[in-house]
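Observations on chain architecture
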Amino acid sequence: FLNPKVRRALSLAIDREYIVENILKGYGKVANGPMGVDSPFHNPKVNPLPFEPQKAIDLLKEAGWSYDKKGHCLYKQGIPFEFTLLVFKESQIEKKVARYIQLCLNEIGIRLRLQAVDFEDLKSSYFKNKKFQAGLTEINGIYRNPEMIKILWSSDINRKAIVGCFENPEVTRLIQKAIAATDPFKIKDLFY
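Residues numbered from 1 in each chain as written. Predicted model: local features only at pLDDT ≥ 70, side-chain atom pairs only at ≥ 80, totals over all residues. Heavy atoms only, no water.

Description of the side chain of Asp15
Among the secondary structure elements, Asp15 is positioned in the loop between helix H1 (4–13) and helix H2 (16–23). An unpaired buried charge is present at Asp15: no salt bridge exists, and Arg16, the closest side chain of opposite charge, is 7.4 Å distant. A distance of 3.4 Å separates the side chain of Asp15 from the backbone nitrogen of Glu17, its partner in a polar contact. When near neighbours in sequence (up to four residues on either side) are disregarded, Asp15 contacts Phe51, Tyr100 and Cys104. (Helix = DSSP H or I, 4+ residues; strand = E, 2+ residues; numbered from the N terminus. Buried < 20%, exposed > 50% of the residue type's maximum accessible area, 1.4 Å probe, protein only. Lys, Arg positive; Asp, Glu negative; His and termini not counted. Salt bridge = Lys/Arg side-chain N within 4 Å of Asp/Glu carboxyl O. Polar contact = N/O pair within 3.5 Å; in protein donor to acceptor, adjacent residues only side chain to side chain. Contact = heavy atoms within 4.5 Å.)

As structure tokens, then:
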């Protein structure tokens, strides 16, 4: 997941419009970034990635993945492209979404295992931890407050980011600049 081509390919391989229209029955919007569509820091000029499975395959090949002899599974250096997606076991909708994501990725040769976990296990796997491979989450409301964004998404010398436990100095730098800014337009520009 470190390679941006792989992350982009995963987004292109999943028909998120289908999820919103058919699984969520229109109760949702396709995201176009990490901020969430209801955040004041969400950039409405950025379009969500379309559903383009062939383009996803092309990007994965550019990232070094290739198909097995039968053309069914993607491999890189003898290792299959497979991972586990944690999903909240009490949510029937999230489990349906996860199963659909599994079907989409299977179509392009990625093997996705679903693991239904209770909320506390999902939280402990996702926050301040990097033991998980992927998690299906929905976090509402927090992206309205720049301080909360800083707490969740930035890292510093003392700790890694709470969400996903990643480190990205550029993300941290931009968040810190946004929090220090006083002009609301400058703040938005930095988050964009």
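Examining the packing of H2 against helix H4 (residues 92–107)
How two helices pack is summed up by the angle between their axes together with the distance between the axes. Remark: H2 packs on H4, axes separated minimally by 11 Å, with the N-to-C direction vectors making an angle of 145°. Considering how the two elements wind past one another, H2 and H4 form a crossing that is right-handed. Two secondary-structure elements touch here, H2 through Tyr18, Ile19 and Ile23 and H4 through Ile93, Lys96, Val97, Tyr100 and Ile101. (Axes fitted to C-alpha atoms, helices over the stretch in contact; angles between N-to-C directions. Left-handed = near helix turned anticlockwise from the far one by under 90°.)

Describing the sheet that holds strand S1 (residues 66–67)
With antiparallel pairing, the three strands of this open sheet are ordered in space as S1-S2-S3. Each edge of the open sheet is held by one strand with a lone partner, namely S1 and strand S3 (79–80). Direction of pairing for strand S2 (residues 74–76) relative to S3: antiparallel, over a ladder of two bridges. When the sheet's bridge partners are listed, Lys76 is paired in S3 with Ile79. (Pairing = 2+ DSSP bridges.)

Remarks on the pairing of strand S4 (residues 82–88)
Within S4, five of the seven residues are buried, which leaves it mostly tucked inside the rest of the structure. Bridging between S4 and strand S5 (residues 111–117) involves seven bridges; their strand directions are parallel. Within S5, the residue paired with Thr84 across the bridge is Arg113. With respect to chirality, the unit in which S4 leads through H4 into the neighbouring parallel S5 is right-handed. (Right-handed = clockwise from strand over helix to strand, strands pointing away.)

Structural notes on unusual backbone geometry
We note that Lys25 has phi near 55°; this positive angle belongs to a residue other than glycine. Among the secondary structure elements, Lys25 is positioned in the loop between H2 and helix H3 (53–62). In the Ramachandran plot, Gln77 falls in the positive-phi region, its phi being about 55° despite a non-glycine side chain. In this structure, Gln77 sits in the loop between S2 and S3. According to the relative accessible area criterion, Gln77 is exposed, its value standing at 76%.

Some remarks on the environment of Lys5
Considering the arrangement of structural elements, one finds Lys5 in helix H1. Residue classification places Lys5 among the partly exposed positions, given a relative accessible area of 34%. Between the alpha carbons of Lys5 and Glu62 there is a distance of 7.8 Å; along the sequence they are 57 residues apart. Not counting chain neighbours up to four residues away, the residues in contact with Lys5 comprise Leu59, Glu62 and Ala63.

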